Amino acid sequence: MNAVEIEGLRVRYQDLEVLKGVDLDIPAKVCFAIMGPSGCGKSTLLKTMNRLIELNEGVKIEGEIRLFGESIFKVDVTRLRREVGMVFQHPNPFPHMSIYDNVAFAVKCNGIAKGKEIDRVVEWALKKAALWEEVKERLKNKANQLSGGQMQRLCIARALALKPKVLLMDEPTANLDPIAANKIEDLIQELKKEYTIVIVTHSPAQAARVAEYVAFLYMGRVIEVGEVNEIFERPKNELTEKYVTGRIG
Amino acid sequence: MDKFKIFLMPSVCTVFGIIILMLLVFTLNSIAVFKQEGFAIYTTNIWKASEVAEEEYYGILAAIYGTIYTSTIAILISLPISIGLAIFVSDLIPKKIREFFIIPIDVMAGLPTILYGIWGVFILVPSISGIIKFFYERLFFIPLFSYYNPTGFSYLSAGVLLAIMITPFATSLIRESYLAIPNIYREAVYSLGLTRYEATKILLSYIKPAIVAGLLLAFGRAVGETVAVSLVIGNAFNIHPSLFAPGYTISSLIANQFGNAFAYELMPSALFSAGLALFSIGLIVNFAGLIILKRWGYA
């Protein structure tokens, strides 16, 4: 079964139609990259998958998105967001909370674990996010003392702690230095063995490095979608070819 | 020193100069009463005006007590209401009509306080005296509710009136900082499958310093409020644990007494020393706030 199925998705902010009919099937336990130039609607597409888009006023959604066969518009939105974790472009751990609490608070609120068990979940998540060794001595320190790359891995840990089925990543390395970005990419390679990862990127090179499947989004439409080799070696569409060779973007 | 710095100096000097001069004036004028009574002016509750200077005795403990008591009541009532109102205005109503809620709140914050005072005397006190009687008749054995023959002119009336006056102000401060939370944090909390209540709690903890600051500023306003309070508090030199007892506050004491103060030798000095006490309460509250913020690692 596909992890995510998107059918005829249209998203409109007031008068501006951002997604103009998107169809996508995202298989389970792969890394699926959505690439495209700025303003093509890729972040909107991602934020529709966990309905975070609904935080904005005046958003209209048409079409269907199914998560493992179940319509996301029919399930409770808090449950949906627990099953679909998200990592953002700007590392956004809560600066006023400790490293520990940043992971623990959502675990507590969602009833994933209680009491001593929370410690175990936090440790597990931080290990999964390859951050444990760097922070285990200072879990009580404020999260704003971490570097940008560490903050981003903390955000990944925070999302993983809820045991999501799908992990959405919205240009997770856009604001990081190359070394920190590499670490995140290595982490994606590890995580995709267990999770379905949907990553949005404006860099074709990054898509080629981390993903099995790539969709090219342009002006609110999917221009081409397929396995990573096909898209990069034998693009069927002229626009895709121009984009992957760096002529538009 | 460069020219720009020199250009800015007058504003800096004016503000700091005024603060220092005020403190100086209050201190110098208090000396006379300190000489006669020492620190006892702040620790006793006697107000004895006399034609003979040796028989004059002033102790303003009741007013200090009343100031802190009424302001605390006001803060306790106002805090939950203003946080609730701030969240409602920011989160639960559409952006387009938000202004229709914000403008009346801001207008309320700026209304002349005498308007609240008149309303307090004619509406609040009579209606609150019914509530007071209800509680007194049933719960008189609890010190908080025990005061023989309560009239409605009380700490409670003053506290409620102050709460009404400072709530719009506190709401504005909390609302502005709540709306200023960067969007990336809003998205973060909601992406974690939290309910609206849980998400709001996290966001509030993010602006805790602003809430504390708002609280302190509101407390400062409550402490300094004069006319409206003196209309409803009963103006009695009284120290009583009951919410229903009449009392005094420092600012209403000064406002009520200064008219006849100059007929006596020591009373002006006593009022200046009361002003000094008000000054100190303001300073203490602000320092306390700074210490709290520091302990949380914000300042």
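Counting restarts for each chain: residues are numbered from 1 in the order of the written sequence. Each chain gets a letter, beginning with A, and each ligand a number, beginning with 1, in the order they are written. This being a predicted model, a pLDDT of at least 70 is required before a residue's local features are given, and a value of 80 or more before pairs of side-chain atoms are given or counted; all residues contribute to the totals for chains, interfaces and linings.

1. Comments concerning the overall build of chain A
Basically, it comes down to this: In DSSP terms, a helix is any run of H or I states spanning at least four residues, a strand is any run of E spanning at least two, and both are numbered starting from the N terminus. Every radius of gyration here is taken over C-alpha atoms, with the globule rule written as 2.2 Å times N^0.38, N being the number of residues. The exposure label follows from counting other C-beta atoms within 10 Å of a residue's C-beta, where the C-beta atoms are placed from the backbone and the thresholds are 20 or more for buried and 12 or fewer for exposed, leaving partly exposed in between. A pair of residues counts as a contact when their C-beta atoms, built from backbone coordinates, are separated by no more than 7 Å.
The number of helices and strands found in chain A is 10 helices and 10 strands. For 249 residues, the compact-globule estimate of 2.2 N^0.38 gives 18 Å, and chain A sits close to it at 18 Å. Taken along its principal axes, the extent of the C-alpha atoms in chain A is 55 × 40 × 35 Å. Looking at chain A as a whole, 47% of its 249 residues qualify as buried. Partitioning the contacts of chain A with sequence separation of at least 6, the portion at a separation of at least 24 is 69%.

2. Some details on the overall build of chain B
Within chain B, the regular secondary structure consists of 11 helices and 2 strands. Taken from the N to the C terminus, the helices and strands of chain B come in the order α-β-β-α-α-α-α-α-α-α-α-α-α. Along the first, second and third principal axes, the C-alpha atoms of chain B reach 75 × 70 × 35 Å. Here chain B holds 299 residues, and the buried ones make up 40% of them.

3. Concerning the sheet that holds strand β1 (residues 2–13) of chain A
All names here are of chain A. For clarity, the threshold we go by: Being paired, for any two strands, means DSSP has found at least two bridges between them.
What the 4 strands build is an open sheet, ordered β2-β1-β4-β5; its pairing is antiparallel. What marks the edges here is a single partner per strand, and that holds for β2 (16–27) and β5 (70–71). Looking at chain direction, β1 and strand β4 (residues 59–67) are connected through 8 bridges and run antiparallel. The partner of V4 across the bridge, within β4, is L67.

4. Here's the deal with the environment of L162(B)
Tracing the backbone shows L162(B) in helix α5 (residues 155–179). In contact with L162(B), other than residues within four places in its own chain, are T70(B), S71(B), A74(B), A222(B), E225(B) and V229(B).

5. Digging into the interface of chain A and chain B
Our working rule: Polar here means any residue outside two lists: the nonpolar Ala, Val, Leu, Ile, Met, Phe, Trp, Tyr, Cys and Pro, and the charged Asp, Glu, Lys and Arg; Gly therefore counts as polar.
Listed per partner, the contact involves 21 residues of chain A and 18 residues of chain B. If you list the elements that add at least two residues to the side of chain A that touches chain B, you get α2 (77–83) and α3 (99–109) of chain A. Considering each element in turn, the side of chain A that touches chain B owes the most residues, 4 residues, to α2(A). Looking at side-chain class alone, the side of chain A that touches chain B contains 9 nonpolar, 6 polar and 6 charged residues.

6. Observations regarding the environment of I99(A)
All names here are of chain A. When you line up the elements, I99 lands in helix α3. The sequence separation of I99 and L146 amounts to 47 residues, and the corresponding C-alpha distance is 8.8 Å. If near-sequence neighbours (up to four positions away) are discounted, I99 is found in contact with V135, R138, L139, N141, A143 and L154.

7. Quick notes on α3(A)
Where burial is concerned, most of α3(A) is hidden: 9 out of the 11 residues are buried. Along α3(A), the residues that are buried comprise I99(A), D101(A), N102(A), V103(A), A104(A), F105(A), A106(A), V107(A) and C109(A). Turning to α3(A), the residues buried within the fold contact α4 (116–128), α5 (132–135) and α6 (148–160) of chain A together with α7 (196–206) of chain B.

8. Section: the confidence of the model for chain B
Interpretation of the predicted coordinates at a detailed level should be avoided for regions scoring low in pLDDT. Definition in use: Per residue, pLDDT captures the predictor's confidence, and it can take any value from 0 to 100.
On average, residues of chain B score 89 in pLDDT, and 98% of them reach the 70 mark or higher. Taken together, the chains of this predicted complex give a pTM of 0.84 and an interface ipTM of 0.91.

9. Regarding the packing of α3(A) against α4(A)
All names here are of chain A. Let me state the cut-off plainly: Throughout, an axis means a line fitted to C-alpha atoms (over the contacting stretch in the case of helices), and angles, computed between N-to-C directions, take values from 0 to 180 degrees. Every angle not falling under 35 degrees, over 145, or within 65 to 115 is termed oblique; those three ranges are roughly parallel, roughly antiparallel and roughly perpendicular. Handedness of a crossing follows from how the near helix is turned relative to the far one, being left-handed for an anticlockwise turn of less than a right angle and right-handed for a clockwise one.
Running from N to C, α3 and α4 point in directions that differ by 120 degrees, and their axes come no closer than 9 Å. By the angle between their axes, α3 is oblique relative to α4. You can see that α3 and α4 cross each other, and the crossing is right-handed. Of the residues in α4, those in contact with Y100, V103, A104, V107 and K108 of α3 are I118, V121, V122, A125 and L126. Class assignment of the residues belonging to the contact of α3 with α4 gives a composition of 9 nonpolar, no polar and 1 charged.

10. A look at the packing of α5(B) against helix α8 (residues 208–224) of chain B
Residue and element names in this part refer to chain B. Here α5 crosses α8 at 155 degrees, and the two axes come no closer than 9 Å. Overall, the two elements α5 and α8 adopt an arrangement that is roughly antiparallel. Crossing of α5 over α8 shows right-handed handedness. Judged by residue contacts, L162, I166, F169, A170, L173, I174 and S177 of α5 engage A210, I211, G214, L215, L217, A218, R221 and A222 from α8.

11. A look at the sheet that holds strand β3 (residues 31–35) of chain A
Residue and element names in this part refer to chain A. Taking strand neighbours across the sheet as the criterion, the 6 strands line up as β6-β7-β8-β3-β9-β10 in an open arrangement whose pairing is mixed. At either margin of the open sheet sits one strand with a lone partner, and together these are β6 (84–87) and β10 (221–227). Each strand of the sheet is rotated relative to its neighbour by a mean of 15 degrees, with strand direction disregarded. Sheet analysis places β3 next to strand β8 (residues 196–201), joined by 5 bridges and oriented parallel.

12. Let's talk about the environment of H202(A)
All names here are of chain A. Tracing the sequence through the fold places H202 in the loop between β8 and α8 (204–210). C-beta crowding within 10 Å serves as the criterion here: with 17 such atoms nearby, H202 is assigned to the partly exposed category. The spatial distance from the C-alpha of H202 to the C-alpha of A174 is 8.8 Å, given a sequence separation of 28 residues.

13. Some points on the pairing of β2(A)
Residue and element names in this part refer to chain A. Sheet topology places β1 next to β2; 9 bridges connect them, and they run antiparallel. If you follow L9 over to β2, its bridge partner there is V22. In this antiparallel pair of consecutive strands, β1 and β2, the connection spans 2 residues, and Q14 shows a positive phi of 40 degrees.

14. Section: the pairing of β10(A)
Residues and elements named next belong to chain A. As judged from the 6 bridges shared by strand β9 (residues 213–218) and β10, these two strands associate in the antiparallel manner. Looking at β10, one finds that L217 is bridged to V222. In textbook terms, the turn of a hairpin is the stretch between consecutive antiparallel strands, and for β9 and β10 this stretch comprises 2 residues, one of which, M219, has a positive phi near 50 degrees.

15. Remarks on helix α1 (residues 42–49) of chain A
Since the α-helix advances by 3.6 residues per turn, residues separated by three or four positions end up pointing in the same direction. Residues and elements named next belong to chain A. Across the 8 residues that make up α1, a large majority, 8, are buried. If you check which residues of α1 are buried, you get K42, S43, T44, L45, L46, K47, T48 and M49. Immediately beyond the C-terminal end of α1, within one or two residues, lies R51, with a positive phi of roughly 60 degrees.

16. So, unusual backbone geometry
Residue and element names in this part refer to chain A. Positive phi, close to 55 degrees, is recorded for K29, a residue that is not glycine. Position of K29 relative to the elements: it lies in the loop between β2 and β3. Using a count of 14 C-beta atoms within 10 Å as the deciding quantity, one classes K29 as partly exposed. At A130, a position not held by glycine, the phi torsion is positive, near 55 degrees. By the secondary structure assignment, A130 is in the loop between α4 and α5. Among the residues examined, A130 registers 18 C-beta atoms within 10 Å and is labelled partly exposed.

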